[in-house]
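Residue strings, one per chain:
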Amino acid sequence: MTTPKVAVKMGADGVPVAVCSGDFDMDTTSLLVEACYEATPGQPLVVDVTQVTFADSSFLNALVRLRKDCPLTLQGPLPDQFRRLLEMTGALGLFAIRRPTDPAR
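Since we're looking at a predicted model, the values are computed, not measured. (Residues numbered from 1 in each chain as written. Predicted model: local features only at pLDDT ≥ 70, side-chain atom pairs only at ≥ 80, totals over all residues. Heavy atoms only, no water.)

> I tried to follow the overall build of the protein on my own but got confused; where do I start?
When its secondary structure is counted, the protein shows three helices and five strands. For the protein, the N- to C-terminal ordering of α and β elements is β-β-α-β-α-β-α-β. Computed over the C-alpha atoms, the radius of gyration of the protein is 12 Å, within 12% of the 13 Å expected from 2.2 N^0.38 for a compact globule of 105 residues. Along the first, second and third principal axes, the C-alpha set of the protein runs to 30 × 25 × 25 Å. Per-residue burial over the protein gives 46% buried out of 105 residues. Across the protein, contacts joining residues at least 24 apart in sequence account for 66% of those joining residues at least 6 apart. (Helix = DSSP H or I, 4+ residues; strand = E, 2+ residues; numbered from the N terminus. Rg over C-alpha atoms; globule rule 2.2 N^0.38 Å. Buried < 20%, exposed > 50% of the residue type's maximum accessible area, 1.4 Å probe, protein only. Contact = heavy atoms within 4.5 Å.)

> It is not clear to me how helix α1 (residues 30-39) should be interpreted in this structure. Could you clarify?
Note on helix geometry: an α-helix contains 3.6 residues per turn, so any two residues three or four positions apart are oriented the same way. Inspection of α1 places L32, V33, A35 and C36 among the buried residues, and these make up the whole buried set. Where the residues of α1 are buried, they touch β1 (5-10), β2 (16-24), β3 (45-55) and α2 (57-69).

> Which parts of the structure should I look at to understand helix α3 (residues 80-89)?
By the burial criterion, the buried members of α3 are F82, L85 and L86. Each buried residue of α3 sits inside an arc of 95° when the element is viewed along its axis, so together they form one side. Those residues of α3 that are exposed and aimed more than 90 degrees away from the buried face are D80 and M88. Packed against the buried residues of α3 are β3, α2 and β4 (72-75). With its phi angle positive at about 75°, G90 sits one or two positions after the end of α3. (Arc of directions from axis to C-beta.)

> Looking at this structure, I do not really get the packing of α2 against α3. What am I missing?
For any two helices packed against each other, one specifies the inter-axial angle together with the distance between the axes. With their axes 11 Å apart at the nearest point, α2 and α3 run at an angle of 70° to one another. Considered as vectors, α2 and α3 are oriented roughly perpendicular to each other. In this structure, α2 uses S57, F59, L60 and L63 to contact α3, whose residues at the interface are F82, L85, L86 and T89. (Axes fitted to C-alpha atoms, helices over the stretch in contact; angles between N-to-C directions. Parallel < 35°, antiparallel > 145°, perpendicular 65-115°, else oblique.)

> How do you make sense of the pairing of β4 when you look at a structure like this?
The side chains of a regular strand alternate, residue by residue, between the two faces of the sheet. Alternating residues of β4 divide into L72 and L74 and T73 and Q75, and every residue in both groups is buried. Pairing of β3 with β4 involves four bridges; the strand directions are parallel. Counterpart to V46 in the pairing with β4 is T73. Each parallel crossover has a hand, and for β3 linked through α2 to β4 it is right-handed. Two elements, β4 and strand β5 (residues 96-98), share three bridges in a ladder whose sense is parallel. Residue pairing across strands places Q75 opposite R98, the latter belonging to β5. In the classification by handedness, the crossover that spans β4, the intervening α3 and the parallel β5 is right-handed. (Pairing = 2+ DSSP bridges. Right-handed = clockwise from strand over helix to strand, strands pointing away.)

No statement about biological role is implied by the geometric values presented.
Right, dumping it as structure tokens:
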């Protein structure tokens, strides 16, 4: 298991970016939730998932919950395993996906 990390930084367009790396499961997804709610209550948010090596349904659930509280965009390209999770659950269409050079929506 790769130790999960979340660091929130300000993007060039002024929108906070939560950079996630490592493996996220039921025991570690709270790192994402706590960092995002602390840094961006109700504001637009970008979640950079390019360095996520594993994500389970609890990570997806956290993203869906965050999306209800603030405009949320995923920054890709999406890792293969995470893309398959989104496709299998029908959740891919819930998220705007941008490349690092695109502005947040």
